[in-house]
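Commentary on secondary and tertiary structure
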Amino acid sequence: MMPTDSPQAPLWFIALLPPADLTQQITEIKQNFCDRYRSRAALKSPPHITLYPPFAWPVATIAQVRSTLQTFAQSRSAFPIQLKGYGAFPPRVIYIQVEPTLALVQIHRDLLHTLGSTLNLRNPKEAQRPYHPHLTIAFRDLSRSHFQQAWPAYRDRPFQAEFQATHLTLLYHNRQRWLCDRAFPFQPAVP
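I will try to describe carefully the structure that is included in this document.

Rules used in this analysis
- Residues numbered from 1 in each chain as written.
- Predicted model: local features only at pLDDT ≥ 70, side-chain atom pairs only at ≥ 80, totals over all residues.
- Heavy atoms only, no water.
- Pairing = 2+ DSSP bridges.
- Helix = DSSP H or I, 4+ residues; strand = E, 2+ residues; numbered from the N terminus.
- Axes fitted to C-alpha atoms, helices over the stretch in contact; angles between N-to-C directions.
- Contact = heavy atoms within 4.5 Å.
- Buried < 20%, exposed > 50% of the residue type's maximum accessible area, 1.4 Å probe, protein only.
- Arc of directions from axis to C-beta.

Attention now moves to the sheet that holds strand 4 (residues 93-98). Strand order in the open sheet formed by four strands is 5-4-3-6, with antiparallel pairing between adjacent strands. The outermost strands of the open sheet, each flanked by one partner alone, are strand 5 (134-138) and strand 6 (160-165). Each neighbouring strand pair of the sheet contributes to a mean axis angle of 35°, computed without reference to strand direction. Summarising the sheet, strand 3 (residues 79-89) and strand 6 pair through six bridges and their orientation is antiparallel. By the bridge assignment for strand 6, Gln-82 is matched with Glu-162. Packing of helix 5 (residues 144-154) onto the sheet brings it into contact with strand 3 and strand 4, and relative to strand 3 it is tilted by some 135°.

Right, dumping it as structure tokens:
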């Protein structure tokens, strides 16, 4: 169910989502964290690589955001994403590492610029810190003690996958979880 206008604008974010088979595999890892380490917050969103973090925007004018994303995506080509191993932001976050390729870093930088210049949507923190793409599998509700148990178990565990980023996705929060609003396809990759 789409959010409706209320006194408080709903939250949205922009991400790259892996294909269905990889989404299922990563969701199973998230579920393992829920079952073994009582960390279920990451299950409230589909596996994703954040391109632009959550922002408030009124539903009444979300068409502006969609139009901007449509134009932006149509000017880009699909590109490969490489996943390899696990990483952490101690003391609460464990994630699958995403190779910060030039194409990925460039699309992030260009999207920040486009959202700022077209929609006046700016996030000073996002613009100042280096981009660190990743797929979160446990965070906020992972206790420090469970992090200390989980991280040694995952630190050297192998994980490797690759997929084509064929679109970017706008997601919204329905006050319980993050859901996909729309996908905006890139141009096919040039062989």
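Our focus in this paragraph is helix 5. Turning to helix 5, its buried residues number three or more, namely His-146, Phe-147, Ala-150, Trp-151 and Tyr-154. The buried residues of helix 5 all sit within an arc of 125° when viewed along its axis, so they share a single face. Looking at the buried side of helix 5, the elements it contacts are helix 1 (20-37), strand 3 and strand 4.

The quantities given are spatial measurements derived from coordinates; they are silent on function.
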